[in-house]
Amino acid sequence: MNNADIIILGAGVAGLMAARVLNEQGISTILVDKGRSVGGRMATRRIGDGLADHGAQFFTARTKQFQAQVEDWMRAGVVRIWGYGWSDSSLKRTAPDGHPRYVAVNGMNALTQHMAATLPHIHVNCEIGTISYANDLWTLTALDARVYVGRALIMTAPVPQSLHLLRAVSLTEKDRAALERIQYAPCLTGMFVIEGDIDLPEPGAIQDNSKPIYWIGDNRAKGISQTLIVTAQADGLHSRQRYDLSDEDNLAWLQTTVEAHLTPGSRVVEGQLKKWRYAAPITTHPFDTMLAEELPLAFAGDAFGGRGRVEGAYLSGLAAGRALIEHLQA
Ligand SMILES: Cc1cc2nc3c(=O)[nH]c(=O)nc-3n(C[C@H](O)[C@H](O)[C@H](O)COP(=O)(O)OP(=O)(O)OC[C@H]3O[C@@H](n4cnc5c(N)ncnc54)[C@H](O)[C@@H]3O)c2cc1C
C-alpha cells in the first residue's frame, strides 16, 4: 500500500505542476501515470534514427506567470525559441508576428522529465482502474493491483477518462454536469522518416488551420532530431471523421500531404501513426481548477481555465495544488 496526503492521477504538465506546488508546502504526494514515462501529451518518440514530437509541437506564453517559468526553463537550457510564427505555405519565409514559439531542446517529453526530476514518488506504468472514497480516504487501485491511499485526490486525466474512473464515487449532480460539458477533439498524427529533403518555409513548419492536415513540422529543423523526421497532424473535424478507418488508410492520407512538400528524388521510408482520442479541449471549464462540492477532490488539466494547451495545463495544475492546500488547511 502506498500512502500520501494527496494522490495525483496523471503526470502530464498539470499533474507535475500540482505536485510541485504541494511538495513546496511540505504536503506529501504520489503521482501515478499509466504511461511509460511522465509527460502525457508532451510526447516524443524515437523513430528511425531520429526523434519526433507527436503531441504538443510548440507552445506560447501569454500570461506573465507562465512567461516567467519559460524564462527559467530557457536559463536552465531546456527550452528555446523555435520561431515567431508559421507560414501557411503560401510564403516561402514566415512573416514573424513577434510572439515566440517555444520548444523543448530535446523534445517536448524532455521538458516534463525536467519538471519531474525534483519530485518524489512518481509511479509510471501504473494504470488506475478503480477509485473509491470511504472513511475520509481515497483508494486508487491499479490494474496490476497496486493500491494508493490519500486524504485528497487531484484528477488530471482528460475529463471523460476521469469521469469514467470516478463512476463509483458520488459526485453532486452539479459537479457531474459541469464535468460532462467538457469535450475534446481527437487528432490523427503521422510521423515520417524521410530520405532526402523537405521544402518547408522557415523555420521549418507549415500551419494552415483551413486545411484538414493543418500542421507539418520538421523535427530536424526544430533541433530535436539529427535525421529528417516530419510530423503531420490532422484537424479535429477530419480526425473525428477518419478516427475508425484503418491505420494504413490514415497513415497513407497523412503521408500524401507530406510527400507534396518533398524535394525531387526524396521519399518516405517509414511512417508511424498515433491516434489521440483526447487531443485538445473544445469546450472548457471557466476556472483554472474545479474543486468538487462535497469531496476533497480537484480537477485540473488543459480543459480548465479556457486557455487549453500547455500554458493552460501548467496554470491549472498550479491552481489545483493551491486550492487543495487551502482546502486541507481550512
Ligand atoms: C496532437 C497534439 C498536438 C498538440 N499541439 C499543441 C501545441 O502545439 N501547443 C500547445 O501548447 N499544446 C498542444 N497540445 C496540447 C498539450 O499537449 C496539452 O494541452 C497538455 O500537454 C495537457 O497536459 P495535461 O497535464 O492537462 O494532460 P495530459 O498530458 O493528457 O496528462 C494526463 C495524464 O493522465 C494519465 N492518465 C490517464 N488515465 C490514466 C489512468 N487510468 N491511470 C493513470 N494515468 C492516467 C495519462 O497517461 C497522461 O499522462 C497538443 C496536444 C496533442 C495531443
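So, how was this worked out
- Residues numbered from 1 in each chain as written.
- Predicted model: local features only at pLDDT ≥ 70, side-chain atom pairs only at ≥ 80, totals over all residues.
- Pairing = 2+ DSSP bridges.
- Helix = DSSP H or I, 4+ residues; strand = E, 2+ residues; numbered from the N terminus.
- Axes fitted to C-alpha atoms, helices over the stretch in contact; angles between N-to-C directions.
- Domains from an automatic or database assignment.
- Contact = placed C-beta atoms within 7 Å.
- Near = placed C-beta within 6 Å.
- Left-handed = near helix turned anticlockwise from the far one by under 90°.
- Nonpolar A, V, L, I, M, F, W, Y, C, P; charged D, E, K, R; others polar.
- Buried ≥ 20, exposed ≤ 12 C-beta atoms within 10 Å, placed from the backbone.
- Arc of directions from axis to C-beta.
- Parallel < 35°, antiparallel > 145°, perpendicular 65-115°, else oblique.
- Core = buried A, V, L, I, M, F, W, Y, C linked by C-beta atoms within 7 Å.
- Expected span 1.5 Å × (residues − 1).

1. A closer look at the sheet that holds strand 15 (residues 267-283)
Taken in spatial order, the five strands of this open sheet run 12-13-14-11-15, and their pairing is antiparallel. The two strands at the open ends of the sheet, each matched to only one other strand, are strand 12 (205-207) and strand 15. If you compare each strand with its neighbour and ignore which way they point, the axes differ by 20° on average. Where strand 13 (residues 213-218) lies against strand 14 (residues 229-234), five bridges are found, and the strand directions are antiparallel.

2. Let's talk about the domain arrangement of the protein chain
Segmenting the protein chain into domains produces domain 1 (2-36 + 124-182 + 284-329) and domain 2 (44-61 + 87-95 + 184-281). With ten residues of domain 1 at the interface, the matching set in domain 2 holds eight residues. For the side of domain 1 that touches domain 2, the leading source of residues is helix 9 (residues 309-329), giving three residues.

3. Some details on the site of the ligand
Taken together, 38 residues sit near the ligand, with Gly-10, Gly-12, Gly-40, Gly-301 and Arg-309 positioned nearest. Secondary-structure elements contributing two or more residues to the shell around the ligand are helix 1 (13-24), helix 4 (159-165), strand 11 (183-195), strand 15 and helix 9. Per-domain counts for the shell around the ligand show at least three residues from each of domain 1 (2-36 + 124-182 + 284-329) and domain 2 (44-61 + 87-95 + 184-281).

4. Concerning the packing of helix 1 against helix 9
Following both chains from N to C, one finds helix 1 and helix 9 inclined at 35°, their axes separated by 7 Å at the closest point. Seen from above, helix 1 lies across helix 9 with right-handed handedness. In contact with Val-13, Ala-14, Gly-15, Leu-16, Met-17, Ala-18, Val-21 and Leu-22 of helix 1, helix 9 contributes Val-310, Ala-313, Tyr-314, Ser-316, Gly-317, Leu-318, Ala-320, Gly-321, Arg-322, Leu-324 and Ile-325. Across the contact of helix 1 with helix 9, the residue classes tally to 14 nonpolar, four polar and one charged.

5. Focus on the environment of Ile-128
Mapped onto the fold, Ile-128 is located in strand 8 (residues 128-134). A count of 22 C-beta atoms within 10 Å places Ile-128 in the buried class. Along the primary structure Ile-128 and Gly-107 are separated by 21 residues, whereas in three dimensions their C-alpha atoms are 27 Å apart.

6. Some remarks on helix 3 (residues 108-116)
Taken together, the buried positions of helix 3 are Met-108, Asn-109, Leu-111, Thr-112, Met-115 and Ala-116. Looking straight down helix 3, one finds that the buried residues subtend no more than 155° of arc, so they occupy a single side.

7. Brief notes about the packing of helix 2 (residues 64-75) against helix 9
Here helix 2 crosses helix 9 at 100°, and the two axes come no closer than 10 Å. In terms of axis orientation, helix 2 runs roughly perpendicular to helix 9. Across from Gln-65, Phe-66 and Gln-69 in helix 2, the residues of helix 9 making contact are Glu-311, Tyr-314 and Leu-315. Of the residues belonging to the contact of helix 2 with helix 9, the class tally is three nonpolar, two polar and one charged.

8. A look at the nonpolar core
Formed by 64 residues in total, the largest nonpolar core has its most connected members in Ile-7, Leu-9, Ala-18, Val-32, Ile-154, Ala-298 and Ala-300. Tallying contributions element by element places helix 9 first for this core, with nine residues. Looking at this core, you find at least three residues from each of domain 1 (2-36 + 124-182 + 284-329) and domain 2 (44-61 + 87-95 + 184-281). Here Ala-298 is in contact with Ile-154, Thr-289, Met-290, Leu-291, Ala-320, Ala-323 and Leu-324, once residues within four sequence places are set aside. Formed by 29 residues, the second largest nonpolar core is a distinct cluster that contains Trp-86, Ile-213, Ile-229 and Val-258.

9. Describing the pairing of strand 10 (residues 147-155)
As judged from the seven bridges shared by strand 1 (residues 2-9) and strand 10, these two strands associate in the parallel manner. Pairing of Asn-2 across the sheet is with Tyr-148, part of strand 10. Relative to strand 10, strand 9 (residues 137-142) is paired through four bridges, and the arrangement is antiparallel. Paired with Leu-140 across the two strands is Tyr-148, which belongs to strand 10. Hairpin connection, strand 9 to strand 10: the antiparallel pair is bridged by four residues, and Ala-145 has positive phi, about 80°.

10. So, unusual backbone geometry
Geometrically, the link from Glu-202 to Pro-203 is a cis peptide bond, its omega value of 5° lying close to zero. Tracing the chain through its elements places Pro-203 in the loop between strand 11 and strand 12. Unlike most non-glycine residues, His-121 shows phi in positive territory, near 55°.

11. Observations concerning helix 8 (residues 247-259)
With 13 residues, helix 8 should cover 18 Å at 1.5 Å per step; its first-to-last C-alpha distance of 18 Å lies within 8% of that length. For helix 8, the complete set of buried residues consists of Asn-250, Leu-254 and Val-258. Angular distribution of buried residues about the axis of helix 8 spans 75°; they occupy a single face of the element. Facing away from the buried side of helix 8, by more than 90 degrees, are the exposed residues Glu-248, Asp-249 and Thr-256. Buried positions along helix 8 lie against strand 11, strand 13, strand 14, helix 7 (236-242) and strand 15.

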